[in-house]
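Structure at a glance
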Amino acid sequence: MTGPSTRRHVAPSAPRTGSLTRRRLLAGLPLLPAAGPLSALGCKAIGHEVTPPWYELRYRDDRSADTLLLIAAGATDTPDVLHQHGVFTLLRERGCKSDIVVLYRLAASYVLGDVADDLHADVVAQGERKRRTWLGMSAGGLVTFDYARAYPGEIDRIVALAPFLGPKLVIDEVVAAGSLDRYVPSPPIETIEETWLWLRGYAEGAERPHLDLLWGQQDPGVRALDFLGAALPEAQRFTGPGDHEWPSFMRLLGEYLEAHGKSL
């Protein structure tokens, strides 16, 4: 290993606004500065996009790795934030030999835009790899699931770290089903319901990327996380004490990587 190299790029696609529907509005309210702390997403408020929208950290500086780890972070978590909290250092120390790319479309695009479509050009720009793993963190977990639903076959493995799974309106209906395989949404069927229907495939044995789910039992979204986790084999559930803040994220990720880091 010659040491990681860093490259920044501007993707050719521009984010789209999308349609402002009732559920998108409810999910997006925490992203507005007037809404106060982002207790649902664990991120500070921000009201604009950032450029460039992706950031690369290669394993070697002389050639691309055969495998790629794409990180979809929280709605306002830039690569600098991930650096500050030691995410990249932890991944390398625990054996990750993939090239790392952080995809970051912030704030409005995450909830109010067509995020999967916004990100597609960024992902395609990474070229062909033998394996693509996505690490979806907080709101980026929901983005990861939405992308896997919209572009089947482009993700081989998902590590979802405390994924945000939608507003209370949706979660109430999902949990009321009793089990994920019995979930049937009521109209209107929007992106969040379509993503939950895609997640239902894990309970039904449908073809899906391998999913490892990491979450803390004091997370504000624990009802939804427990519900999704119940549909997964025990070996793919990683939970314990922790809330929706960086110390908990890093503890959960560190414990997971201790056992699985070399496979990333």
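This part covers the nonpolar core. Core analysis: the biggest nonpolar cluster contains 43 residues, and Trp134, Phe145, Ile158, Leu165 and Trp196 have the highest contact counts within it. Aside from chain neighbours lying at most four places away, what touches Leu165 is Leu142, Phe145, Ile171, Ile192, Trp196, Leu199, Ala224, Leu225 and Leu228. Within the second largest apolar cluster, 29 residues are counted, among which are Leu57, Val87, Leu161 and Leu252.

Moving on to the packing of aromatic side chains. Considering all chains together, one arrives at eight aromatic pairs under this definition. Each ring, one from Trp246 and one from Phe249, has its centre 5.6 Å from the other, and the planes form 70°; the classification is edge-to-face. Residue Trp246 and its partner Phe249 are both found in helix H10 (residues 246-260); the two are separated by three residues, about one turn of the helix. Accessibility expressed as a relative area gives 10% for Trp246, which makes it buried. Counting every residue linked through ring pairs, the aromatic cluster contains Trp134, Tyr147 and Tyr151.

Across the protein, the average pLDDT comes to 82, with 77% of residues at or above 70. Predicted confidence is poor over residues 1-20, with pLDDT under 50, and the contacts of this stretch with residues over four places away or in other chains come to 61 contacts. Low pLDDT (under 50) marks residues 28-48, which in the prediction has 38 contacts with non-local residues, meaning those over four places away or in another chain.

To continue, consider the packing of helix H7 (residues 168-176) against helix H9 (residues 222-229). It is the contact of H7 with H9, at a shortest axis distance of 10 Å, that shows an interaxial angle of 40°. Once H7 is placed against H9, the crossing between them reads as left-handed. Contacts between H7 and H9 involve Lys168, Ile171, Asp172, Val174 and Val175 from the former and Arg223, Ala224 and Phe227 from the latter. In the contact of H7 with H9, the residues fall into five nonpolar, no polar and three charged.

When you tally the buried positions in strand E3 (residues 67-72), you get six out of six residues, the bulk of the element. Both faces of E3 are covered, namely the face carrying Thr67, Leu69 and Ile71 and the face carrying Leu68, Leu70 and Ala72. Looking at chain direction, E3 and strand E5 (residues 131-137) are connected through six bridges and run parallel. Counterpart to Ala72 in the pairing with E5 is Gly136. Relative to strand E4 (residues 99-103), E3 runs parallel, the two being bridged by five bridges. Within E4, the position partnered with Ala72 by the bridge is Leu103.

Here we come to the side chain of Ser248. Here Ser248 is to be found in helix H10. Judged by its relative accessible area of 4%, Ser248 is buried. Residues contacting Ser248, with those up to four places away along its chain left out, are Gly242 and Asp243.

We now examine H7. The periodicity of an α-helix, 3.6 residues per turn, causes residues three or four positions apart to be oriented the same way. Within the sequence span of H7, burial applies to Val170, Ile171 and Val174. Buried positions in H7, seen along its axis, are confined to an arc of 95° and lie on one side of it. Exposed and facing more than 90 degrees away from the buried side of H7 are Lys168 and Ala176. Of the residues flanking the end of H7, it is Gly178, one or two places downstream, whose phi is positive at about 95°.

So, about the environment of Thr144. On the secondary structure map, Thr144 appears in helix H6 (residues 139-150). Sequence spacing of Thr144 and Ile71 is 73 residues, and the spatial spacing of their C-alpha atoms is 8.9 Å. If sequence neighbours within four positions are ignored, Thr144 has contacts with Ala72, Trp134, Gly136, Ile155 and Ile158.

This part is about the pattern of salt bridges. All chains considered together, the criterion is met by 11 salt bridges. As a salt-bridge pair, Asp212 and Arg157 come within 3.8 Å of each other at their nearest N and O atoms. Of the two residues, Asp212 sits in strand E7 (residues 210-216) while Arg157 sits in strand E6 (residues 157-161), which places them 55 residues apart along the sequence. Residue Arg157 is classed as buried on the basis of its relative accessible area, which comes to 12%. For Arg200, the salt bridge identified is with Glu204, shortest N-O distance 3.2 Å. With a gap of four residues between them, Arg200 and Glu204 both fall in helix H8 (residues 191-204), about one helical turn apart. Here the residues in one salt-bridge network are Asp146, Arg149 and Glu194, joined through shared partners.

Parameters at a glance
Residues numbered from 1 in each chain as written. Predicted model: local features only at pLDDT ≥ 70, side-chain atom pairs only at ≥ 80, totals over all residues. Heavy atoms only, no water. Core = buried A, V, L, I, M, F, W, Y, C linked by side-chain atoms within 4.5 Å. Buried < 20%, exposed > 50% of the residue type's maximum accessible area, 1.4 Å probe, protein only. Contact = heavy atoms within 4.5 Å. Phe/Tyr/Trp six-rings, centres within 6.5 Å; stacked < 30°, edge-to-face > 60°. Helix = DSSP H or I, 4+ residues; strand = E, 2+ residues; numbered from the N terminus. pLDDT = per-residue confidence, 0-100. Axes fitted to C-alpha atoms, helices over the stretch in contact; angles between N-to-C directions. Left-handed = near helix turned anticlockwise from the far one by under 90°. Nonpolar A, V, L, I, M, F, W, Y, C, P; charged D, E, K, R; others polar. Pairing = 2+ DSSP bridges. Arc of directions from axis to C-beta. Salt bridge = Lys/Arg side-chain N within 4 Å of Asp/Glu carboxyl O.

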